[in-house]
Amino acid sequence: MTIDNQLDQASETESEVVANTDGLMMQLDYAAPSQISQVSESSDSLSEAQTSEHTQHVALFAQLNRSEVNFHGKVKSPLVFRDSLLALFDVVSSDYRYVPKDRSAYTVFMQMRRASSNKNLFTAQRDYFTWLFDNDPLAFCILDPIIQVHEQGVSFEVFSRDEGCYAQLTLTNEIFDQSTKPTLGTTSIDYSTALFNGIEKIRNHQQTILDIGHEAVGLQLLETMPETAEADTDSTVTTPTVKKQIIEKRINVPKSWIRALLQVQSAGQLPQDTIHLDPIALYNVLFELRMHADIKGKRRGLLIELRPQQLPVIILEPFDITVTSQVSQQQKPYQGQQAKLIRLWGRRRLSLLKRLLPHTDSVSVSLLGQGMPSYWTLTGKGFHFTFAMTGFSQANWSQSLNFDLLLPKRPQQNTLSADSKQAREQVAESTDSGLVKVVDILTRCPSTVDALTQQLSTQESESKSAPVTQAQVRQWLLAGTQQGFIRYDIAQKSYYYRPLTQTPLDMAQFAYHNEAEKQAFDFIGRADAVQKFSVETVATKGVSISADIYVEEDRRTYHSQLQLGDEALVSRAECSCPQYLQHRLTQGVCAHLIALRLSYNNYDSTTAKNDSWHDTRILSQRVPVRHSIRHSTKAATQYKNEAIIAPSDLVMDLSALAQPSEPSLDNKTDNIKDKAIAATDETCITYIYLTIAHKKITIEQTTGDDSTHQHFVFNQPAQAKAAYLQHIARFEAKGFIENQGV
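First, a word on what this report is: a plain description of the structure on this page. (Residues numbered from 1 in each chain as written. Predicted model: local features only at pLDDT ≥ 70, side-chain atom pairs only at ≥ 80, totals over all residues. Heavy atoms only, no water.)

Looking at the overall build of the protein chain
Looking only at helices and strands, the protein chain features 19 helices and 32 strands. Taking all 742 residues of the protein chain together, the buried fraction comes to 49%. Taking all contacts inside the protein chain whose residues are at least 6 apart in sequence as the whole, residues at least 24 apart take part in 70%. Of the roughly 37,600 Å² that the protein chain leaves accessible, carbon and sulfur atoms contribute 49%. (Helix = DSSP H or I, 4+ residues; strand = E, 2+ residues; numbered from the N terminus. Buried < 20%, exposed > 50% of the residue type's maximum accessible area, 1.4 Å probe, protein only. Contact = heavy atoms within 4.5 Å. Areas by Shrake-Rupley, 256 points an atom, 1.4 Å probe, with all protein chains shown as cover.)

Details of the packing of helix α11 (residues 433–444) against helix α12 (residues 449–462)
Following both chains from N to C, one finds α11 and α12 inclined at 115°, their axes separated by 11 Å at the closest point. For α11 against α12, the interelement crossing comes out right-handed. Every residue of α12 that contacts α11 at Lys437, Val438, Ile441 and Leu442 is listed here: Leu452, Gln455, Leu456, Gln459 and Glu460. Of the residues that constitute the contact of α11 with α12, the class distribution is 5 nonpolar, 2 polar and 2 charged. (Axes fitted to C-alpha atoms, helices over the stretch in contact; angles between N-to-C directions. Left-handed = near helix turned anticlockwise from the far one by under 90°. Nonpolar A, V, L, I, M, F, W, Y, C, P; charged D, E, K, R; others polar.)

Comments concerning the sheet that holds strand β9 (residues 185–188)
On the basis of which strands lie adjacent, the open sheet formed by 8 strands has the order β9-β5-β6-β7-β21-β20-β19-β14 and antiparallel pairing. Single-partner strands in this sheet number two, and they are β9 and β14 (273–277). Across the sheet, the mean angle separating the axes of adjacent strands is 15° when strand polarity is ignored. As defined by bridge partners, strand β5 (residues 146–150) adjoins strand β6 (residues 153–159) across 5 bridges and the pair is classed as antiparallel. Directly across from Ile146, in β6, lies its bridge partner Glu157. The sheet strands contacting helix α7 (residues 255–267) are β5, β6, β7 (165–172), β20 (374–380) and β21 (383–389), and the helix crosses β6 at an angle near 125°. Sheet contacts for helix α8 (residues 279–291): β14, β19 (360–367) and β20; angle to β19, the most-contacted strand, approximately 70°. (Pairing = 2+ DSSP bridges.)

Quick notes on the pattern of salt bridges
What the rule picks out here adds up to 17 salt bridges. The salt bridge involving Glu553 is made with Arg526; its shortest N-O contact spans 2.7 Å. Taken together, the residues Glu553 in the loop between β25 (542–551) and β26 (556–564) and Arg526 in the loop between α14 (515–525) and β24 (530–538) connect sequence positions 27 residues apart. Relative accessible area serves as the criterion here: at 54%, Glu553 is assigned to the exposed category. The closest approach of N and O atoms between Glu738 and Arg617, which form a salt bridge, is 3.8 Å. Residue Glu738 is found in strand β32 (residues 737–738), and its partner Arg617 is found in strand β28 (residues 614–624); the two are separated by 121 residues along the sequence. One network of salt bridges, in which partners are shared, links Glu157, Arg487 and Arg498. (Salt bridge = Lys/Arg side-chain N within 4 Å of Asp/Glu carboxyl O.)

What to know about unusual backbone geometry
In this model, Glu317 is joined to Pro318 through a cis peptide bond whose omega is -5°. Its location among the elements puts Pro318 in the loop between β16 (313–316) and β17 (321–324). One non-glycine residue with positive phi stands out, namely Arg555, at about 55°. Along the chain, Arg555 falls in the loop between β25 and β26. For Arg555, a relative accessible area of 74% gives the class exposed. Here the phi dihedral of Arg584 falls at roughly 55°; this positive angle occurs in a residue that is not glycine. For Arg584, the position within the fold is in the loop between α15 (578–583) and α16 (591–601).

A closer look at the pairing of strand β10 (residues 207–213)
Taking burial as the measure, the 7 residues of β10 include 6 buried ones, the bulk of the element. Across 7 bridges, strand β3 (residues 55–61) lies against β10 in parallel orientation. Following the sheet pairing, Leu60 is matched in β10 by Ile212. Strand direction decides the pairing type here: strand β4 (residues 71–75) and β10, joined by 5 bridges, are antiparallel.

Concerning the nonpolar core
Ranked by size, the top nonpolar core spans 65 residues in total, and within it Leu88, Phe156, Leu210, Trp376, Phe385 and Phe387 carry the most contacts. In this view, Phe385 contacts Ser84, Ala87, Leu88, Val91, Ala167, Gln168, Leu169, Leu353, Leu356, Trp376, Thr377 and Leu378; residues no more than four positions away in its chain are not counted. Among the nonpolar cores identified, the runner-up in size contains 41 residues, and Ile258, Met372, Phe403 and Phe485 belong to it. (Core = buried A, V, L, I, M, F, W, Y, C linked by side-chain atoms within 4.5 Å.)

With respect to the sheet that holds β16
Taken in spatial order, the 4 strands line up as β17-β16-β15-β18 in an open sheet, and their pairing is antiparallel. Edge positions in the sheet fall to β17 and β18 (340–344), since each has one partner strand and no second. Ignoring strand direction, the axes of neighbouring strands in this sheet form an average angle of 25°. Sheet analysis places β16 next to β17, joined by 4 bridges and oriented antiparallel.

Some words on a nonpolar patch on the surface
A cluster of nonpolar residues, Ile280, Tyr283, Phe287 and Met291, forms a patch on the protein surface that exposes about 360 Å² of accessible area. With respect to the helices and strands, Ile280 occurs in helix α8. (Patch = residues over 30% accessible without salt bridge, like charges linked within 9 Å, V, L, I, M, F, W, Y side chains within 5 Å.)

As for helix α3 (residues 78–92)
With 15 residues, α3 should cover 21 Å at 1.5 Å per step; its first-to-last C-alpha distance of 21 Å lies within 8% of that length. In terms of burial, α3 is largely enclosed, as 14 of its 15 residues are buried. (Expected span 1.5 Å × (residues − 1).)

Things to note about the packing of aromatic side chains
Two numbers describe a pair of aromatic rings. These are the distance of the centres and the angle of the planes. This model, assessed by the stated rule, comprises 8 aromatic pairs. With 4.6 Å between their ring centres and 35° between their planes, Tyr488 and Tyr495 make a pair best called tilted. Judged by relative accessible area, Tyr495 falls into the buried class, the value being 1%. The ring of Tyr687 carries the charged tip of Arg299 above its face, separated from the ring centre by 4.8 Å. We note Arg487 situated over the ring of Tyr496; from NZ or CZ to the ring centre the distance is 4.3 Å. (Phe/Tyr/Trp six-rings, centres within 6.5 Å; stacked < 30°, edge-to-face > 60°. Lys NZ or Arg CZ within 6 Å of the ring centre and 35° of its normal.)

Here you go:
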């Protein structure tokens, strides 16, 4: 919602050309561009203590067409204030989308290079940025942060340009020395590159003042108009007049940006696994990512291994580098009941947190599941910073659909108005009075789920109505977050009333990504739309899905096929519809392929027909690297030979499934594993691929570049499934963890 200062001077007609049906035109009026400046000694509005020549004044101008929000305070920790705002700017300006090669841009670049061969560096750069502004204005475009002044302090919310990162920064009252009482509320502030450059200059020895509001101290322009006085003397008297510098910004905000922002905020309330890390562990992850570049064609995930009552282990693929959090004794082990191996994507986005690491005391990570968004909360003295990364890309539309299904269906219209006074008047008229009551409580004070449940139960008991359960309150809060009225703070586990925009959003525009997705959900709702649905899984290659999609309007049946590979990416897609045959995937995904992917999400291999099963399970375990074990004694040589033989005995001994294993063998392998772990810190991951296809079971073991295969064929499919489940239980008993989504 911000454009660079050059774009502010664009004409109204040019702004209207930018508008289209894929976005929402927003008009933002600010008194002046937000900036940081030295406070002069001649300023009459500041006290003598604040007029030092070493005082930095950070003025953030709020939106004029929203309710007035004011905050004024002196910053006690300038470095924390500086680095947190810089990290916020890094997130809002980040763009990790893949940019393909554009030959036309290269041709223009070569023409400019030949034309500017005789020019100096300054002239050549000026010509380049002029051309970039004229031909690609979105390169200068970032979206303004949402700011909320509340009882605990000041909160900023930003969303990146590539719709892959979300950040929420809260500066508590502990970091400020407030001289006046703030005006609570929600608004947007002007956030530009000029402000970023000014914030970088903040130093610890300087006094820093934060001022948020429509009009800030020292940022009014004094315009002197000459006025001739009719007097005996011929002197000219000049009287200064105050002139406000109002900046009007108009930008076309994509609907997908607002939809993704609301989704990421809502997903933070879903059930999740929370782990705690030491800041040095996150530093080690960032260090290893910086020292190891991604390898094309190899896995680029971030594995988090969770075992009950053990500290979490972070594994970087494909190097199998392990990072543990064992520095601080305050870290808690994983409290879950079941071992898990969760893979996250978009790990390069974690580098946006590097500015805050020196000020961080603790790090907590909330995990929603395999490939789902993760929330990294950094807490320090006077601040907490919540960073969410989705890991999705434009190519990974299949995984984003799976994320959509985690959340309840988005309401088609607003339940209440963005104005709290109007919300109170609509209690009797609204069909969802529970959400209105929740919002009415949050307008007065932020609250937690337990406190909200208690207050609502007290109100219902006075009116002799049915008691309110915590599940109902959570449902109302989730609905309010999806509509943009409520903000959830993961660090404080509290809910705040924060209207995203001044006027309520039209929720019908954000129900689906596009028209094709809307048609796909319509197909899924029909009884006979998806026919001959089949799933075939092949180890190391992925899942092959196919079905016939019957479209009643066209009176035709289209055959669709999908191949899902690593990281749930679609490696191959085919459809017999006219859109695919004419444009392939250049014009987007057709509704039939989306319907096929949604059908696969509802597929459960355990409820398949009794005469056939198709399924693949991937299990993994960290094992010591063999070549790193070096001993000179005879016993060490014997142990090395045993360690080499041990993995095959441990993993591939599948001859007698029904017979229990010998205790001596288990003790022997356990001792070998303990010795191996004690002898070396280097580990690699062993993957076990278990595939069942009707009467056949395939077991593949992969350790680095080495792989072995085994095939079993049974007389009946039921016998194959029983052996398949027994294999899974046996490997899990040996310490292997199921690795879903690989």
